[in-house]
Amino acid sequence: MSWDNLMMQARQGKGPLRFVKPAYKAVMAFHLPVIRPFWGAVHAVVEVGTILWRLTTKILYREPMLRYRCTTVGRRPQIEGDVPQIIGNGRISIGDDFRVGTRNTWVVGFKVSEDAQLVIGNRVSINYQTMLSVAKRIEIGDHTMIAGNVQIYDNISHPLSPERRLRYESFTLDESSPVTIGRNVWIGNGALVMRGVTIGDNSVVAAGSVVTKDVPPNTLVGGNPARILRDIGD
């Protein structure tokens, strides 16, 4: 009898392994008593250990690696997880008090690029799984917050021409246009910012929006394509 047949019989409560299913249920039903002082101490030890481990890896690996891959990095960077995956040979400048979440990918420089630049200001926060794709230049102003799963492109990634795609050709530099994001901007979760866009100071891009045109300062935009929803000036 095959192993698969034995396992099927066990699930049906039959055969030589029929005891396995009730034994599994009994094991899964078992739990340790919750002695709060003891488990509170265990929780505290784990939390302190986690903090110390993160601090140690930041000092000894993550921050030095980020500084190595960038042209300049300011004071007190906070790297909450893995170092961003940085692809390309472009220049990256980061200001003070920068905060970045885990699983970021930054492509800065393609084979068509001449001097690709990613410029990130002071007190900028970039959350998890954000994609920055730079063939020419992306600039992010001071105090800007970028939520998770945001994608920002200053290029079209692949040629529009079917023949060029079949030949695995790259897009041209003329098909790229810089992206500028102003100061104190908030870009919501899952938003997509396309090439050539300028987002004015203090503006908000709603979650899931696709920004294809310039956004004036002090404006809330949303939708696909993003449109002005209202003014948010104080």
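Coordinates for the structure precede this section.
Everything numeric in this text was worked out from a predicted model, so none of it was measured.

Structural notes on the environment of Thr 198
- Along the polypeptide, Thr 198 turns up in strand β16 (residues 198–199).
- In this structure, the C-alpha to C-alpha distance between Thr 198 and Arg 137, residues 61 residues apart in sequence, is 12 Å.
- Residues contacting Thr 198, with those up to four places away along its chain left out, are Thr 180, Asp 214 and Val 215.

With respect to the pattern of salt bridges
- All chains considered together, the criterion is met by eleven salt bridges.
- Here Glu 63 ties to Lys 58 by a salt bridge, and the two come within 2.5 Å at their closest N and O atoms.
- Judged by its relative accessible area of 16%, Glu 63 falls in the buried class.
- Taking relative accessible area as the criterion, Lys 58 reaches 15% and is therefore assigned buried.
- The closest approach of N and O atoms between Glu 169 and Arg 164, which form a salt bridge, is 3.6 Å.
- What emerges from the salt-bridge pattern is a single network uniting Arg 164, Arg 167, Glu 169 and Glu 175.

Concerning the pairing of strand β19 (residues 219–222)
- Here β19 shows a buried face lined by Thr 219 and Val 221 and a second buried face lined by Leu 220 and Gly 222.
- Examined bridge by bridge, strand β17 (residues 204–205) and β19 share two bridges and lie parallel to one another. In the sheet register, Val 205 faces β19, and the bridge partner there is Val 221.
- Linking β19 to strand β20 (residues 227–231), which pair antiparallel, is a turn of four residues; within it Gly 223 sits at a positive phi near 105°.

Some words on the sheet that holds β16
- Reading across from one edge, β1-β4-β7-β10-β13-β16 is the order of the six strands in this open sheet, with parallel pairing throughout. Taken across any chain shown, the strands that pair with only one partner, and hence form the sheet edges, are β1 (72–73) and β16.
- By the bridge criterion, three bridges tie strand β10 (residues 137–140) to strand β13 (residues 179–181) in an arrangement that is parallel. In the sheet register, Glu 139 faces β13, and the bridge partner there is Thr 180.

Quick notes on the nonpolar core
- Ranked by internal contacts, the top residues of the largest apolar core, which has 36 residues, are Trp 106, Ile 126, Ile 152 and Ile 187.
- Contributing elements (two or more residues each) for this core: β4 (91–94), β6 (105–108), β7 (117–120), β9 (131–134), β10 and β13.
- Not counting chain neighbours up to four residues away, the residues in contact with Ile 187 comprise Met 145, Ile 146, Ala 147, Val 150, Ile 152, Ile 181, Val 193, Ile 199 and Val 205.

Examining the side chain of Thr 144
- Within the secondary structure, Thr 144 is located in the loop between β10 and β11 (145–146).
- Among the residues examined, Thr 144 registers a relative accessible area of 0% and is labelled buried.
- Within polar-contact distance, the side chain of Thr 144 engages the backbone nitrogen of Val 185 at 3.2 Å.

With respect to the environment of Arg 99
- Within the secondary structure layout, Arg 99 lies in strand β5 (residues 99–100).
- Expressed as a C-alpha distance, the spacing of Arg 99 and Asn 127, which sit 28 residues apart in the sequence, is 7.9 Å.

Remarks on the packing of aromatic side chains
- Scanning the entire structure with this criterion turns up three aromatic pairs.
- Centre to centre, the rings of Phe 38 and Trp 39 are 5.0 Å apart; their planes meet at 75°, and the pair counts as edge-to-face.
- Measuring from centroid to centroid gives 5.1 Å for Phe 110 and Phe 171, while their planes differ by 70°, and the two rings are edge-to-face. Taken together, the positions of Phe 110 in the loop between β6 and β7 and Phe 171 in the loop between α4 (162–166) and β13 put the pair 61 residues apart, joining distant regions of the chain.
- In this structure Phe 110 comes out as partly exposed when scored by relative accessible area, which is 23%.

What counts and what doesn't
Residues numbered from 1 in each chain as written. Predicted model: local features only at pLDDT ≥ 70, side-chain atom pairs only at ≥ 80, totals over all residues. Heavy atoms only, no water. Helix = DSSP H or I, 4+ residues; strand = E, 2+ residues; numbered from the N terminus. Contact = heavy atoms within 4.5 Å. Salt bridge = Lys/Arg side-chain N within 4 Å of Asp/Glu carboxyl O. Buried < 20%, exposed > 50% of the residue type's maximum accessible area, 1.4 Å probe, protein only. Pairing = 2+ DSSP bridges. Core = buried A, V, L, I, M, F, W, Y, C linked by side-chain atoms within 4.5 Å. Polar contact = N/O pair within 3.5 Å; in protein donor to acceptor, adjacent residues only side chain to side chain. Phe/Tyr/Trp six-rings, centres within 6.5 Å; stacked < 30°, edge-to-face > 60°.

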